[in-house]
2 protein chains.
Amino acid sequence: MEKNQEILLVSRPKGLPHEDNFSILDTSIPTIKEGEVLVRSLYVSVDPYMRGRMSDKKSYVPPYALHEVIIGGVVGEVIETKADHLNVGDVVVGYLGWRKYNAVEANQVTKIDPTLAPISTALGVLGMPGLTAYFGLLDIGQPKQGETVVISGAAGAVGMIVGQIAKIKGCRVVGIAGSDTKVDYLIKELGFDVAINYKTTENMKKALAEACPNGIDVYFDNVGGDISDAVLSLINKGARIPLCGQISLYNLEKADIGPRAQTALLINSALMKGFIVGDYSQRFNEGLLQLSQWVKEGKIKYAENIVEGFENIPKAFLGLFKGENLGKQLVKVAEWHPKK
Amino acid sequence: MEKNQEILLVSRPKGLPHEDNFSILDTSIPTIKEGEVLVRSLYVSVDPYMRGRMSDKKSYVPPYALHEVIIGGVVGEVIETKADHLNVGDVVVGYLGWRKYNAVEANQVTKIDPTLAPISTALGVLGMPGLTAYFGLLDIGQPKQGETVVISGAAGAVGMIVGQIAKIKGCRVVGIAGSDTKVDYLIKELGFDVAINYKTTENMKKALAEACPNGIDVYFDNVGGDISDAVLSLINKGARIPLCGQISLYNLEKADIGPRAQTALLINSALMKGFIVGDYSQRFNEGLLQLSQWVKEGKIKYAENIVEGFENIPKAFLGLFKGENLGKQLVKVAEWHPKK
């Protein structure tokens, strides 16, 4: 059996994270205790929210400790078990360490059915990003037939699912993304009505006004900053704004100064609400059932951007802030050989 | 019978409004048509939201036209009638011109019962400000027993009712106001737990942190700007922020730049929602019934700041932006002699 490896956070990023903030350590494969399983990592998820945990500022999740392993979404295979309800060969998903092998209590992971969908989707459309899109859009955004829904970070793991759900609900869907490839994908593959490349658009407000002749009813915000300022200037009476992320700000070292949103909200009786997927943990089954159904019917497509190799996890994470990923960014750590 | 007078908006204020923006005109008393009543103004309401209508920027109500009479809340007495259901001597409330005498369609005013409460309360605790407090706090703020509610503009017509409803709901109530007299009144007369004079407090964030040892669950915002920035830095997970007004900004000529609220909302899964009382017009009866009940039981007290004389309406309006009013600012235009 090969050796274990893990990735530690060794310094807190100032501004944009850098590979020097991380260190790969050779360790030994842990011995499991009663009630635990040994999980071999297959896919590791890298997500924008993890940037928040790398700072020691207050965020919606506690900070990572320095010189400890980073925790995130992992899909893996049980290769040893001392737990009643998990067997060797089972595929599980959970928040595990950035390690090749994790020893975890069996109740810390969830078994997934590899016959329903590719196992990597448990980190994407049928996992945290899918549920984030589902609850943020439907519970906070409450899109109605014929309304206009604008999505920033539209070609990310969450954004592209939001847009497709909004289309299912009969909305006009306008996506904002950072490359022509992404814009093409959103329109041609996912059926967005309009997509705008913010990097090549000089006047975002003008472009949005043209894309949204009836104003904006729902703004699903993944990015914050200037792009959101432009959207806010165009919202309709009664607009709803789910705040899912503010990736444009995560690497700011100082306070986020700009036009305050309050006046736009006040004059439009509009609602803005932050959320994290965990706010809806009691309803995950409902969400997964509906998302699986839509994927099966072909109403929701998903895209994955897969990098290979455990050692490339930090690089894949850094890529999120350069907008390199179309869809869900994953790292494939090991080959999976399903049992027959 | 005396002559009629009316007050026109003759120029749009730049920054703080000035008496020169208004002009008093002598006119004749109008002749009423079928279905109309002639209403003699008794009390005229001046309200912060009217500043928005004096600009030609988009707001939640359309702008006042230049060289036309200003429209606002008025309580008056019917002195002539050509309408079936209103009689001479009836007291009514409605959105009427700043005139001594208004001819209006009978369905544009609401008859009030002068035996239930002083007629001026139809412009205050039992009118628009009371309903604003009621729906904003209860529907958006949703205060729960034991939670901490912070109110800016706490000694204004809306703020002091918000605080008293929050006390009825079992909350810790912290008011922010602009003078020691107001602060004393909030604590000693209205039962606020803490009140802070923002004009004499150097570090608002520190003062609020001390006043709110368990953080802030509901922030009822009447003022915006720096005060709101300080409050936002202390909100709890799941906080609710009804945006009722932004009086600190109404006289700004440029965009309101400051820390964007989005990050605070995101990391706390918090909700911020603008509203106007008209959003709840279908539920006004419910609100008035409950407010009347609380006033009758002595659970809600109200304060009125009454200036005398029609010609002083502009001055009373300007006083709102200097924080001169404790409670509802009214102008008494004529003496009322109730019929026996």
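Residues numbered from 1 in each chain as written. Chains lettered and ligands numbered in written order. Predicted model: local features only at pLDDT ≥ 70, side-chain atom pairs only at ≥ 80, totals over all residues. Heavy atoms only, no water.

Student: So, the pattern of salt bridges: which residues are in play, and what are the values?
Tutor: Residues and elements named next belong to chain A. Going through the model one piece at a time under the given rule, you end up with 34 salt bridges over all chains. With a shortest N-O distance of 3.9 Å, D56 and R12 are connected by a salt bridge. Of this pair, D56 sits in the loop between α1 (49-54) and β4 (68-69) while R12 sits in the loop between β1 (4-9) and β2 (22-27), and the two are 44 residues apart along the sequence. Relative accessible area serves as the criterion here: at 58%, D56 is assigned to the exposed category. Residues D47 and K328 are paired through a salt bridge, measuring 2.8 Å at the closest nitrogen-oxygen approach. Within this pair, whereas D47 is found in the loop between β3 (36-45) and α1, its partner K328 is found in strand β17 (residues 328-332), the two being separated by 281 residues in sequence. (Salt bridge = Lys/Arg side-chain N within 4 Å of Asp/Glu carboxyl O. Helix = DSSP H or I, 4+ residues; strand = E, 2+ residues; numbered from the N terminus. Buried < 20%, exposed > 50% of the residue type's maximum accessible area, 1.4 Å probe, protein only.)

Student: Could you give an account of the pairing of strand β1 (residues 4-9) of chain B, naming the residues involved and the relevant values?
Tutor: Residues and elements named next belong to chain B. Burial within β1 is extensive, with 6 of its 6 residues counted as buried. On β1, burial covers both faces: N4, E6 and L8 on one face and Q5, I7 and L9 on the other are all buried. Sheet analysis places β1 next to strand β2 (residues 22-27), joined by 6 bridges and oriented antiparallel. Each residue of the ladder has a partner; that of I7, found in β2, is I24. (Pairing = 2+ DSSP bridges.)

Student: So what's going on with the domain arrangement of chain A? Residues and values would help.
Tutor: All names here are of chain A. Domain boundaries in chain A define domain 1 (4-124 + 302-332) and domain 2 (128-278). Here the C-alpha centre of domain 2 lies 28 Å away from the C-alpha centre of domain 1. Contact residues are listed per partner, giving 26 residues for domain 1 and 16 residues for domain 2. Along the contact surface separating domain 1 from domain 2 lie 0 salt bridges. There are 4 residue pairs in polar contact (both at pLDDT 80 or more) connecting domain 1 and domain 2. Taken together, the residues of the side of domain 1 that touches domain 2 break down into 14 nonpolar, 5 polar and 7 charged. (Domains from an automatic or database assignment. Contact = heavy atoms within 4.5 Å. Polar contact = N/O pair within 3.5 Å; in protein donor to acceptor, adjacent residues only side chain to side chain. Nonpolar A, V, L, I, M, F, W, Y, C, P; charged D, E, K, R; others polar.)

Student: Help me get a handle on the packing of aromatic side chains, residues and values and all.
Tutor: The description of an aromatic ring pair rests on the distance of the ring centres and on the angle between the ring planes. Residues and elements named next belong to chain A. In this structure the tally under the stated criterion is 20 aromatic pairs over all chains. Taken together, a centroid distance of 6.2 Å and an interplanar angle of 80° make the contact between F22 and F317 edge-to-face. Note that F22 is positioned in strand β2 and F317 in helix α9 (residues 313-319), a separation of 295 residues in sequence. Each member of the pair, F22 together with F317, is buried. (Phe/Tyr/Trp six-rings, centres within 6.5 Å; stacked < 30°, edge-to-face > 60°.)

Student: Any details on the relation of the copies chain A and chain B? Residues and values, ideally.
Tutor: The operation relating chain A to chain B is a screw motion whose rotation component is 180°, with 0.0 Å of axial translation and a residual RMSD of 0.0 Å. Overall, the copies show the geometry of a two-fold rotation axis. Most of the interface of chain A is mirrored in chain B: 100% of its interface residues are interface residues there too. (Least-squares fit on C-alpha atoms with pLDDT ≥ 70 in both.)

Student: How would you summarise helix α8 (residues 284-296) of chain A if you had to cite specific residues and measurements?
Tutor: All names here are of chain A. An ideal rise of 1.5 Å per residue puts 18 Å on 13 residues; α8 measures up with 18 Å between its terminal C-alpha atoms. Within α8, the full set of buried residues consists of G287, L291 and W294. The buried residues of α8 occupy an angular sector of 60° when projected down its axis, which confines them to one face. Turned more than 90 degrees away from the buried face of α8 sit N285, L289 and K296, all of them exposed. Lining the buried residues of α8 we find α2 (128-141) and α3 (159-168). (Expected span 1.5 Å × (residues − 1). Arc of directions from axis to C-beta.)

Student: Explain the side chain of B:D90 to me, and be specific about the residues and the numbers.
Tutor: All names here are of chain B. Note that D90 resides in the loop between β5 (71-81) and β6 (91-97). Of the residues examined, D90 reaches a relative accessible area of 9% and is grouped as buried. Looking at D90, its side chain comes within polar contact range of the main-chain nitrogen of N87, at 2.7 Å. With residues near it in sequence (within four places) discarded, D90 still touches G76, E77, V78, H85 and K111.

Student: An account of the interface of chain A and chain B is needed here, citing residue identities and associated values.
Tutor: Counting residues at the interface gives 36 residues for chain A, matched by 36 residues for chain B. Buried surface at the junction of chain A and chain B, both sides included, amounts to about 3,100 Å², of which 55% is carbon and sulfur. Summed over the three residues of chain A that lose the most area to chain B, namely A:R260, A:Q262 and A:L266, the buried surface amounts to 28% of that side. Applying the counting rule to chain A against chain B returns 8 salt bridges. The salt bridge involving B:D226 is made with A:R260; its shortest N-O contact spans 3.6 Å. Taken together, the links from chain A to chain B amount to 15 residue pairs in polar contact (both at pLDDT 80 or more). Of all elements in the fold, only α6 (225-232), β13 (235-243), β14 (257-259), α7 (262-267) and β15 (271-274) of chain A reach the threshold of two or more residues within the side of chain A that touches chain B. Ranked by residues supplied to the side of chain A that touches chain B, first place goes to α7(A) with 5 residues. Residue composition of the side of chain A that touches chain B, by class: 18 nonpolar, 10 polar and 8 charged. When β14(A) meets strand β14 (residues 257-259) of chain B, the two strands line up antiparallel, connected through 3 bridges. (Buried area = accessible area lost by both parts, 1.4 Å probe.)

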